[in-house]
Amino acid sequence: MDVTFDEIKAKIGSGLLSFPVTDFDADGEFDQKSYAGRLQWLSSFDAAGLFAAGGTGEFFSIGYDEYDAVIRTAVTNSAPNVPVLAGVGYGTRMAVDLARRAEKAGAAGILVLPHYLMFAEQEGIIAHMKAICDAVGIGVIYYARDNTRLTPDSLEKLAEACPNLIGYKDGIGDLQLMVQIASRIGDRMVHIGGLPTAEVFAQPYLEMGVTTYSSAVFNFVPELALRFYRAVRERDSATVTALLKSFYLPLIELRDRKRGYAVSMVKAGADLIGRPAGKVRSPLTELTGSERDTLAALIASHR
């Protein structure tokens, strides 16, 4: 997808985003054929972009020997109007290498996931991000969460130094910080909601100019995900409240039962609708039988 930075920013901010799960076969190996079909299916809906090898796509468990194939498969099997954004991460040298691989594979942009293990000072995070931005000619989105949190001042400095820094994805949930960032950065970047089950924050974030977010449930109830997104954009509070109460809040309750279920639950949902992606890789664990039954009932009541 050959577009300018402003065009990719506008595209990403124009609709709902999602991150496909990554398909593994019965032996736990990357299943390219199944993943290709998944991207074809997901990109047939009205998505503004898809994050390949993101958090829900188990970036953390994808090997170096698989990464190129995952990104290339996503790019070649998505609809032409749906940009694929590739997840990169770990330490600076590894992130730079993965960013270059993603660009070579045809990704429209990259999403920088938290650097590995260590907390760092602002100067260190800026240097990390700048090295990644300088390594590629495609758009870069910074994902604030866990051990990587730039202040508004640091984010502004980074934006001045890196023309291809096009997005800020929030996985922190600090409304005051989001207001400060929105005020400081304005439309220099596209602002993306990126909390687990981001739908819960979608209404207040919209009022701050965060027009889009990434939806995990798009993997197994895409029509519902899009219906909710449209209701938020149209400020249809009745529909938003009804879907939060009947679907999203019960889903959060299930997700919070065990660590890692933010991914495991999504993969289980894909399996339950007849689009299996295989099991999650360790250290994640699968839902129990009763938990799958709970999820199946929740899905069935909203299809």
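Please refer to the structure placed before this passage.
These lines cover the structure that appears in this document, whether it is placed above or below. (Residues numbered from 1 in each chain as written. Predicted model: local features only at pLDDT ≥ 70, side-chain atom pairs only at ≥ 80, totals over all residues. Heavy atoms only, no water.)

## Observations concerning the packing of aromatic side chains
Turning to step 1, where the next piece is worked out: Inspection of the entire model under this criterion finds 10 aromatic pairs.
Turning to step 2, where the next piece is worked out: When the ring of Phe-228 is compared with that of Tyr-248, the centres are 4.7 Å apart and the planes differ by 55 degrees; the resulting orientation is tilted. Note that Phe-228 is positioned in helix 9 (residues 222-233) and Tyr-248 in helix 10 (residues 237-255), a separation of 20 residues in sequence.
Turning to step 3, where the next piece is worked out: What makes Tyr-248 buried here is its relative accessible area of 0%. (Phe/Tyr/Trp six-rings, centres within 6.5 Å; stacked < 30°, edge-to-face > 60°. Helix = DSSP H or I, 4+ residues; strand = E, 2+ residues; numbered from the N terminus. Buried < 20%, exposed > 50% of the residue type's maximum accessible area, 1.4 Å probe, protein only.)

## Quick look at a nonpolar patch on the surface
Turning to step 1, where the next piece is worked out: A cluster of nonpolar side chains, namely Tyr-116, Leu-117 and Met-118, defines an oily patch on the protein surface of about 390 Å² accessible area.
Turning to step 2, where the next piece is worked out: The class of Leu-117 is exposed, set by a relative accessible area of 58%. (Patch = residues over 30% accessible without salt bridge, like charges linked within 9 Å, V, L, I, M, F, W, Y side chains within 5 Å. Areas by Shrake-Rupley, 256 points an atom, 1.4 Å probe, with all protein chains shown as cover. Salt bridge = Lys/Arg side-chain N within 4 Å of Asp/Glu carboxyl O.)

## Here we look at the sheet that holds strand 7 (residues 190-193)
Turning to step 1, where the next piece is worked out: Read around the closed barrel, the 8 strands follow the order 1-2-3-4-5-6-7-8; overall the barrel is parallel. Taken over all neighbouring pairs, the strand axes of this sheet differ in orientation by 30 degrees on average, direction set aside.
Turning to step 2, where the next piece is worked out: Across 3 bridges, strand 1 (residues 16-18) lies against strand 2 (residues 47-52) in parallel orientation. Residue Ser-18 lies in a different strand from strand 2, and its bridge partner there is Leu-50.
Turning to step 3, where the next piece is worked out: With respect to the sheet, helix 1 (residues 5-12) is in contact with strand 1, strand 2, strand 3 (84-88), strand 5 (139-144), strand 6 (165-170), strand 7 and strand 8 (212-215), its orientation differing from that of strand 6 by roughly 25 degrees. (Pairing = 2+ DSSP bridges. Axes fitted to C-alpha atoms, helices over the stretch in contact; angles between N-to-C directions. Contact = heavy atoms within 4.5 Å.)

None of this, on its own, says anything about what the molecule does.
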